[in-house]
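# Chain and residue survey
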Amino acid sequence: MRGWMGKFRSLFLFGALTMLLTGCGIENISALKPKGYGSELLFDLMLISIAIMIFVFVIVMAIYAFVLLRYREKKGQEHIVPKQTEGNKALEVIWTVIPIILLLVLAIPTVQATFDLADQSTQGDEGVLTVDVTGNQYWWQFDYADQEISTSQEIYIPTNERVYLNMKASDVIHSFWVPAISGKMDTIPGENMNTMYLEAYEEGVYEGFCAELCGPSHSLMYFKVIAVSPDEFDQWVEDMQNIDPEATPETTTAQEGQELFNNNCMSCHAIGGASAGVGPNLGNFANREKIAGILQPSKDNLVDWIVHPDEVKPGNQMPAELVSEEDAAKIADYLLELDHSDVGNDLEMQSVEE
Amino acid sequence: MSTAVAQKRGLGAVIWDYLTTVDHKKIAHLYLVSGGLFFLIGGLEAMIIRIQLMKPDNDFISAGLYNEMITMHGTTMIFLAAMPLIFAIMNAVVPLQIGARDVAFPFLNSLGFWLFLFGGLMLNVSWFTGGAPDAGWTNYAPLSTTSPGHGVDYYVMGLQISGAGTLIGGINFLVTIVNMRAPGMTYMRMPLFTWSVFVTSTLILFAFPALTVGLFLMMFDRMFGSAFFDVGLGGNAIIWEHLFWIFGHPEVYILILPLFGAFSDIFSTFSKKRLFGYSAMVFATVLIGFLGFMVWAHHMFTVGMGPIANSIFAVATMAIAVPTGIKIFNWLFTMWGGQIRMTAAMLWSIAFIPSFTIGGMTGVMLAAAAADFQYHDTYFVVGHFHYVIVGGVAFGLFASLHYWWPKMFGKVLNEKLGKLAFWPFFIGFHLTFFIQHFLGLMGMPRRYWVFLEGQGLATGNLISTIGAFFMAIGTIIFLINVVYTSVKEKKVSGDPWEHGRTLEWSIPSPPPHYNFVQTPLVRGLDPLWVEKMDGKEGMTPAEPLGDIHMPNASILPFTISLGTFIAGFGFIYQVDDPIWLVAVFAGMGLTLGSMLTRSLKDDLGHHIHKEELEEDIKKGVGK
C-alpha cells in the first residue's frame with residue numbers, strides 16, 4: 001500500500017529533493033520523515049508540488065536575472081526612449097496555458113489523495129479498530145469503545161493496520177496532528193464529528209500535537225501515538241481490560257496515596273475502563289512517556305504538577321493546591337505504581353541534544 | 001492652502017484643520033501617520049513574539065500574554081497598519097490619477113478615516129484595561145466566545161467600528177472611479193493602480209459585510225446572551241469560521257491588489273516603457289478579485305468538510321495562480337527592453353518579484369487540499385503568508401511611499417538612506433520567514449508559546465529571530481529617512497522622476513488644494529507620456545479656466561466616530577454593570593445627533609474664484 005508516487009522517486013529531481021527534505025527534523029516528529037500511510041502519501045504530494053514550483057521559479061528567475069543584467073540604464077543613455085511595446089499575444093498565451101497544464105498535473109494527485117485520506121470504506125468491518133478521540137483543554141482522551149478501555153495522552157495502535165479515529169472536542173476546537181504518521185484533523189465541539197485514519201509502518205513512539213489555538217496551554221497539549229505490533233497490541237488491550245481500580249498497591253505510602261486519590265481526585269479522574277470526561281483516565285499512568293504531556297516522568301515532577309498545575313500548564317482545569325505537598329507525594333507513589341502493561345516499554349521517543 | 005501656508009499658522013489651527021479636513025490629500029496624511037504608528041506597534045509585538053521563540057522553553061512572556069501578542073500582532077498588522085497605509089496611498093493618488101479634484105464623497109472619506117482610527121484606538125486600549133484579545137486574529141469560536149475578561153469584546157467592537165470605516169472608504173473609491181474620471185479617461189486608459197483600487201473597492205464592498213455580520217453575531221453571543229456559536233444551546237461554532245473567511249480571504253486580495261497596481265506603475269515608470277500586456281493585466285486583476293471570493297474554505301481543509309468540498313476549493317485556489325502568473329510575466333516583460341533606473345522605489349519592486357513568487361508557490365502547495373493536512377496551522381503557513389504579505393504588501397508599501405512621497409510632501413525621500421533601509425529589511429525578511437516553512441514541516445505548529453528542547457527546532461527559530469532584528473533595523477532607517485528628508489531635502493517639481501507617465505505627475509508636488517486648475521483632457525493610456533511624446537509640456541485642458549467648486553471642512557465625521565467609540569465602551573462594560581448603558585446612549589446620541597445635523601444643515605461647499613486661480617498660475621501652479 002505504498003503511495004503510487006513511489007516509482008517516480010527514482011527520477012533524479014525527486015531523488016535529490018527527497019534527500020534534501022528528509023534531512024530536516026527528527027525521526028517520529030517530522031512530517032519530512034514519513035513513517036505512515038498518510039504522511040507518506042502527503043510527502044509524495046509535497047514532492048510533486050515542490051518540483052513543479054522549482055521548475056516555475058527557475059524560469060521566472062532566469063528571465064528576471066537576464067532583464068536586470070541586460071536592461072539597466074547606463075550613463076549617457078538617459079535620453080534614450082525605448083520602444084513602447086504593447087504586448088505579445090503568443091507570449092501571453094504561452095504563460096497562460098503552461099501554468100494551467102502544470103496545475104492540472106498537480107490537481108489530479110491532489111484530488112486523488114484528498115479522497116484517499118477521506119476513505120472510510122472499511123470502518124466497522126470485523127477486526128478494524130476505531131478509537132474515539134476527544135480533545136480537551138489541554139489533554140487528549142482515547143476511548144476504545146469495542147474493547148471497553150480508555151486511555152488519555154497516549155494512543156496505542158497496531159502497526160500496518162488502518163485505525164479509524166472518530167474525533168470530537170469537549171470544549172473548544174482542537175486539532176489532532178501526528179506529522180510522522182498522518183496529517184491533521186480538527187476536533188470540534190457539538191455535532192460535527194470528524195473521522196480520519198492512522199496507519200503506522202513501524203513500531204515506535206510518535207509525537208502528536210494540538211494544532212489549533214485552544215487557549216494559553218495550546219503549545220503544551222502534546223500526546224503520543226504508540227505503535228506496536230498487532231500481537232503486542234492485543235496483549236496491551238488485555239492488560240488494560242484487566243486493570244482493577246480497587247487493587248491494593250504494594251507500599252504503605254501508595255496505599256495512603258490511593259485513599260487520598262479516591263477522596264480528592266476521583267470526581268474528575270478515573271482509573272480503569274470508565275471514561276470520566278472531566279479529567280484524564282489515569283489507568284496506565286506509570287506507563288506514560290510524559291507527565292501531563294510535557295514533564296519527564298519523575299516523582300518530583302509529578303508532585304510539582306499535582307500541587308501547582310497552573311504553573312506547568314497555564315489555564316488548565318485542575319485546581320491548584322488541592323492537596324498538600326506531603327499528600328501529593330503519596331498520591332504520586334500510588335500513581336507511579338499504576339504500571340499495568342509492559343507493552344511498548346522498549347520503545348523510546350527519539351530526540352536529539354541541541 | 002498649501003502646506004507652506006499651514007506651517008505659518010499656529011499648532012492649534014493645524015490640528016483643527018486636520019480634524020475637520022475633507023481634502024483627500026490631507027486624509028492621506030492622516031491615514032499615513034496613524035497607519036504608520038500602528039505598524040510600529042504591530043512590529044513591536046512581532047519582536048516580542050520572536051524574542052519569546054528565540055530558544056526552547058523560553059519564559060520571556062507568559063502563555064496568556066503570548067496569545068494576546070499574536071492576536072494583536074495579526075489584527076493590528078492587517079486591519080490597523082496594512083489597510084490604512086493602503087488607504088493613504090489610495091487617497092493620495094487615485095483622484096490625481098483620474099484627473100479629479102477630490103473623491104466623490106469627501107465627507108464620507110473623512111468619516112471613514114475617523115471610524116478606522118477610533119476602532120483601532122479602541123482595540124489597543126484593551127492592553128490597559130485588563131488584557132487584549134487572545135483568541136488569535138481569526139478569533140475562532142468557541143475559544144473566543146468563552147475567552148474570559150473583555151479582551152475579545154474589544155476585538156469585536158474595535159473591528160466593527162474600524163470595519164465600518166473601511167466599508168465606507170471602499171464605496172467612496174468605487175463611486176469616485178466610476179464617476180469622477182477626467183474627459184477621455186476611459187476604463188481602459190486608467191492607470192493600473194487606479195484599476196486595482198477599483199477592483200479592491202469592489203472586494204471591500206462584498207467582503208466586509210460578511211465580517212460585519214460575523215462580528216454582530218459574536219457581539220450578541222458575548223454581550224447579550226445569544227447562542228449562535230454555542231453548541232451547548234444548539235449553535236454551531238463552524239459558522240464563525242465560514243463568515244470570517246468569506247471576509248478573510250478576499251481581505252488578502254484587498255491588501256495585495258492595490259500594491260500590484262502600484263508595482264505596475266513603478267515598473268513602467270522606471271523602465272521608461274508602457275506596461276506590457278495592459279489589457280491582460282486588467283483582466284488578471286479582475287479575475288483574481290473574482291476568484292478571491294470562491295476559495296475561502298481553503299483555510300478550512302482540516303475542519304472536516306469532506307473530500308468533495310475540499311477538492312473543489314483546492315482546484316479553485318490553484319486557478320488563482322494563473323492570473324497571478326500572468327502578472328509576474330507581464331512585469332518582467334515590462335522591464336524587458338526598457339531603461340531600468342534603480343531608484344529605491346524600483347529596488348523594493350524588484351525585490352518583490354522573487355519574494356512574492358515564493359509566496360505564491362507555497363500558496364499553490366497549500367492549495368493541495370490533502371497536503372494541507374500537514375501544512376495547516378503550522379509555521380509553513382506562517383512562512384507562506386508572511387511571504388505574500390510582507391514580500392508583497394509591505395514591500396509594495398515601501399515602494400509606493402518612495403514613489404509617491406514627492407507627490408504627497410513635495411520632497412523625494414533620500415535615495416541613499418532608502419537603499420540603506422532596504423537591504424537589512426530584505427535580508428532580514430528572508431532570514432526570518434524562509435526557515436519557517438521547514439520549521440512547520442519539522443513539527444512546529446503555529447501559535448506555539450514555547451517549543452521544547454530536543455524537537456530539533458532551536459536553530460531554525462534562532463535564525464528566524466535574528467532575521468526579525470534585521471527587519472527592525474531596516475524599519476528604523478526608513479523612519480530616520482523620513483525625518484532626514486523633511487529637514488534636509490529640497491523641494492521638487494511636479495515630475496521629479498522625469499519619466500512620469502500618469503496624470504499625478506502633471507501637477508505640482510504637492511498639488512494645490514483643488515489639484516487641477518483646469519481638468520485635463522486625456523488622450524490615451526499614460527496621458528502625460530502621450531503629451532510628452534508629442535513634445536508638449538503639460539496636459540491640454542478640457543475646460544476653460546473658471547470657478548472651482550470645493551467641499552467645506554467639517555468636524556461632524558470626527559464627532560460621529562467619537563460617538564461610536566464612546567458607545568463601544570458602553571456595550572463592552574454594560575455586561576458588568578448596567579450603568580454603562582449611559583455611555584451607550586451618550587455615544588449613540590452624539591453619533592446620531594451629528595448625523596442629524598449633517599442631514600438638516602445645508603452644506604453647499606465653497607468656490608475658488610477664477611481670480612485666485614489666476615494668481616496661483618502666476619506663482620507657477622498649473623505648469
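Since this is a predicted model, take the numbers as computed values, not measurements.

### Comments concerning the overall build of chain A
- Scanning chain A for helices and strands turns up eight helices and 10 strands.
- In terms of overall size, chain A is more extended than a compact globule, its C-alpha atoms giving a radius of gyration of 27 Å where 354 residues would be expected to give roughly 20 Å.
- With the C-alpha coordinates of chain A rotated into their principal frame, the extents come out at 95 × 50 × 40 Å.
- Look at the contacts in chain A between residues 6 or more apart in sequence, and 70% of them connect residues 24 or more apart.

### Quick word on the overall build of chain B
- Counting secondary structure elements, chain B contains 20 helices and two strands.
- Its C-alpha radius of gyration of 24 Å places chain B within 12% of the 25 Å reference for a compact globule of 623 residues.
- The principal-axis extent of the C-alpha atoms belonging to chain B is close to 70 × 60 × 45 Å.
- Within the span of chain B, comprising 623 residues, buried residues form 61% of the whole.

### What about the domain arrangement of chain A?
All names here are of chain A.
- Split by domain assignment, chain A resolves into domain 1 (4-69 + 87-117), domain 2 (130-241) and domain 3 (252-335).
- When each unit is reduced to the centre of its C-alpha atoms, the spacing between domain 2 and domain 3 is 21 Å.
- Those elements that place two or more of their residues in the side of domain 2 that touches domain 3 are strand 2 (139-144), strand 3 (149-152) and strand 10 (223-228).
- Top contributing element to the side of domain 2 that touches domain 3 by residue count: strand 3, with four residues.
- Looking at side-chain class alone, the side of domain 2 that touches domain 3 contains 10 nonpolar, eight polar and four charged residues.

### Notes on the sheet that holds strand 10 of chain A
Residues and elements named next belong to chain A.
- With mixed pairing, five strands are arranged side by side in an open sheet as 4-10-9-6-7. Two strands bound the open sheet, and with one partner strand each, they are strand 4 (154-158) and strand 7 (184-187). The average angle at which neighbouring strand axes cross in this sheet is 25°, direction not considered.
- Pairing between strand 9 (residues 204-210) and strand 10: five bridges, direction antiparallel. Paired with Gly204 across the bridge in strand 10 is Ala227.
- Contacts from helix 4 (residues 230-241) reach strand 4 and strand 10 within the one sheet, and its direction differs from that of strand 4 by about 135°.

### Here we look at the interface of chain A and chain B
- Every contact between the two is made by 79 residues of chain A and, on the other side, 75 residues of chain B.
- Of all the elements in the fold, those that place two or more residues in the side of chain A that touches chain B are helix 2 (37-70), helix 3 (89-117), strand 6 (174-177), strand 7 and strand 9 of chain A.
- For the side of chain A that touches chain B, the leading source of residues is helix 3 of chain A, giving 15 residues.
- When the residues that make up the side of chain A that touches chain B are grouped by side-chain class, the tally is 48 nonpolar, 21 polar and 10 charged.

### Describing the packing of helix 7 (residues 192-223) of chain B against helix 9 (residues 278-291) of chain B
Residues and elements named next belong to chain B.
- One way to put it is that helix 7 packs onto helix 9 with a least axis distance of 10 Å and a crossing angle of 15°. With respect to helix 9, the axis of helix 7 lies roughly parallel. Crossing angle aside, the handedness with which helix 7 passes helix 9 is right-handed. Of the residues in helix 9, those touching helix 7 at Leu192, Trp195, Ser196, Val199, Thr202 and Leu203 are Met281, Val282, Thr285, Val286 and Gly289.
- Here the residues of the contact of helix 7 with helix 9 are counted per class, giving seven nonpolar, four polar and no charged.

### Topic: the pairing of strand 4 of chain A
All names here are of chain A.
- The element strand 4 is largely enclosed, with a buried count of five among its five residues.
- Because side chains alternate across strand 4, one face comprises the buried residues Glu154, Tyr156 and Pro158, and the other comprises Ile155 and Ile157, equally buried.
- In this structure, strand 4 lies alongside strand 10, joined through five bridges in parallel fashion. The partner of Ile155 across the bridge, within strand 10, is Val225.

### Topic: the nonpolar core
- B:Leu85 and B:Trp348 are the most contacted members of the largest nonpolar core, which has 280 residues in total.
- Per-element tally for this core: the top contributor is helix 4 (residues 63-97) of chain B, with 22 residues.
- Not counting chain neighbours up to four residues away, the residues in contact with B:Trp348 comprise B:Phe395, B:Phe398, B:Ala399, B:His402 and B:Phe422.
- Grouped together as the second largest cluster of nonpolar side chains are 18 residues, A:Phe261, A:Cys265, A:Leu282 and A:Leu335 included.

### Description of unusual backbone geometry
- For the peptide bond that leads from B:Ala141 to B:Pro142, omega is 0°, which places it in the cis range.
- Residue B:Pro510 follows B:Ser509 across a cis peptide bond; omega there is -15°.
- Within the secondary structure, B:Pro510 is located in the loop between helix 16 (458-488) and helix 17 (527-533).
- With phi around 50°, A:Glu321 is a residue other than glycine that occupies positive phi space.
- Residue position: A:Glu321 is located in the loop between helix 7 (309-312) and helix 8 (325-335).

### Description of helix 10 (residues 307-319) of chain B
- Here helix 10 of chain B is 13 residues long and its end C-alpha atoms lie 18 Å apart, about the 18 Å a rise of 1.5 Å per residue gives.
- If you check which residues of helix 10 of chain B are buried, you get B:Asn310, B:Ser311, B:Phe313, B:Ala314, B:Val315, B:Thr317, B:Met318 and B:Ala319.
- Residues of helix 10 of chain B that are buried make contact with helix 3 of chain A together with helix 9, helix 11 (321-335), helix 12 (344-367) and helix 13 (369-375) of chain B.

### As for the sheet that holds strand 2 of chain A
Residues and elements named next belong to chain A.
- Strand order in the open sheet formed by five strands is 3-2-1-5-8, and the pairing between neighbours is mixed. Strand pairing shows two members of the sheet lacking a second neighbour, strand 3 and strand 8 (194-198), which therefore form its edges. Taken pair by pair, the neighbouring strands of this sheet meet at an average axis angle of 25°, ignoring direction.
- Of the pairings in the sheet, the one linking strand 2 to strand 3 comprises four bridges and is antiparallel in character. Of the residues in strand 3, the one forming a bridge with Asp143 is Ser150.

Criteria and thresholds
- Residues numbered from 1 in each chain as written.
- Chains lettered and ligands numbered in written order.
- Predicted model: local features only at pLDDT ≥ 70, side-chain atom pairs only at ≥ 80, totals over all residues.
- Helix = DSSP H or I, 4+ residues; strand = E, 2+ residues; numbered from the N terminus.
- Rg over C-alpha atoms; globule rule 2.2 N^0.38 Å.
- Contact = placed C-beta atoms within 7 Å.
- Buried ≥ 20, exposed ≤ 12 C-beta atoms within 10 Å, placed from the backbone.
- Domains from an automatic or database assignment.
- Nonpolar A, V, L, I, M, F, W, Y, C, P; charged D, E, K, R; others polar.
- Pairing = 2+ DSSP bridges.
- Axes fitted to C-alpha atoms, helices over the stretch in contact; angles between N-to-C directions.
- Parallel < 35°, antiparallel > 145°, perpendicular 65-115°, else oblique.
- Left-handed = near helix turned anticlockwise from the far one by under 90°.
- Core = buried A, V, L, I, M, F, W, Y, C linked by C-beta atoms within 7 Å.
- Expected span 1.5 Å × (residues − 1).

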